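A closer look at the structure
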Amino acid sequence: IQPHVSELGLAHVDSVDLPVHLNKLLESSDGSVGALAASIAEQYGERLGCFIASLLCTSQGLTSPMVSWEEAYLKYWQEDVKEIVLGGGLSSGVFGKHIRTVAERVLIRCGIRHCRIDVSEYASYLPLMGAARNHPAGIPGSVAVFDFGGSWVKRGVAFYDEGQALYKLRVLPSCYIGDLTVPEKTAELSNVIIAIIAETIQKAGSDTLLAPRVLCS
């Protein structure tokens, strides 16, 4: 997206927000802008499709002979995987649908028809939901959950029924950490992560009984 910000009219937009704005441009009434946005989404889809095809088609691994974990990993992908569900911010909205469509097209070109690609209805929050569903049995109360991404920390509070099945996820405002995810700022990032966890527990715990642990993705 970055090389085309001027053509897309996004030169003023922070780099972390570019995917959100591209999502909107995919439905733009300006034909040239919409076409450029679609071509960018297609690049993402092509790359994803090629990556998946490389896993499903390869007969070789990174090592020769393959180590046991890699052999088991490739066998799982090639024999057991029949559906891939996309999650994460880039998979949201129209952008995610474009990526899915193009990636499936790549698989078909490679002769792969047994594996379908879908986009989660809750793409942006899938990691949070995955963390929430790892709630250990026997621990009462709701749980603060976090998704520590490369740019943002998504967070929320997970609620469970009497059988301890997840029934609600209350999403809290995300926190930007993109400027700190570089090797020279590791110590500062650690302090910020601790502060985010503490602030979340303090804010959520004011009206909710929280379990004495957090779940992270």
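One can find the structure itself at the top, above this paragraph.
Quick notes on the rules
- Residues numbered from 1 in each chain as written.
- Predicted model: local features only at pLDDT ≥ 70, side-chain atom pairs only at ≥ 80, totals over all residues.
- Heavy atoms only, no water.
- Helix = DSSP H or I, 4+ residues; strand = E, 2+ residues; numbered from the N terminus.
- Buried < 20%, exposed > 50% of the residue type's maximum accessible area, 1.4 Å probe, protein only.
- Contact = heavy atoms within 4.5 Å.
- Axes fitted to C-alpha atoms, helices over the stretch in contact; angles between N-to-C directions.
- Parallel < 35°, antiparallel > 145°, perpendicular 65-115°, else oblique.
- Left-handed = near helix turned anticlockwise from the far one by under 90°.
- Core = buried A, V, L, I, M, F, W, Y, C linked by side-chain atoms within 4.5 Å.
- Pairing = 2+ DSSP bridges.

A separate point is the environment of leucine 48. Mapped onto the elements, leucine 48 comes out in helix α3 (residues 31-57). Of the residues examined, leucine 48 reaches a relative accessible area of 22% and is grouped as partly exposed. Separated by 167 residues in sequence, leucine 48 and leucine 215 place their C-alpha atoms 29 Å apart. Discounting residues that sit within four places of it in the chain, leucine 48 has contacts with Leu86, Ile99 and Ala103.

Let us look at unusual backbone geometry. With omega at -5°, the peptide bond leading from serine 64 into proline 65 counts as cis. In this structure, proline 65 sits in the loop between α3 and α4 (68-80). In this model, glutamine 164 sits at a positive phi of 65°, which is unusual for a non-glycine residue. Position of glutamine 164 among the secondary structure elements: in the loop between β4 (152-160) and β5 (166-176).

To continue, consider the packing of α3 against helix α5 (residues 93-109). Where α3 meets α5, the axes come as close as 7 Å, and the angle between the chain directions of the two elements is 45°. In terms of axis orientation, α3 runs oblique to α5. Of the two elements, α3 crosses α5, and the hand of that crossing is right-handed. Where α3 abuts α5, its residues Ala38, Ala41, Glu42, Tyr44, Gly45, Glu46, Leu48, Gly49, Cys50, Ile52 and Ala53 lie against Phe95, His98, Ile99, Val102, Ala103, Val106, Leu107 and Arg109.

Let's shift gears to the nonpolar core. Of all hydrophobic cores here, the largest spans 31 residues; its most connected members are Leu8, Leu10, Leu22 and Ile84. Contributions of two or more residues to this core are made by α1 (5-8), α2 (18-25), α3, α4, β1 (83-86) and α5. Here this core takes 10 residues from α3, the largest share from any one element. Beyond its immediate stretch of four places on either side in the chain, leucine 22 contacts Ile1, Leu8, Ala37, Ile40 and Phe95. Formed by 10 residues, the second largest nonpolar core is a distinct cluster that contains Ala131, Ala132, Val145 and Leu215.

Time to look at the sheet that holds β4. Pairing is mixed across the open sheet formed by four strands, whose spatial order is β5-β4-β3-β6. Looking at strand neighbours, the two that pair on one side only are β5 and β6 (210-216), the edges of this open sheet. Going from strand to strand, the sheet's axes swing by 20° on average, the running direction of each strand aside. Summarising the sheet, strand β3 (residues 142-148) and β4 pair through six bridges and their orientation is antiparallel. For valine 145, the partnering residue across the bridge sits in β4 and is glycine 156.

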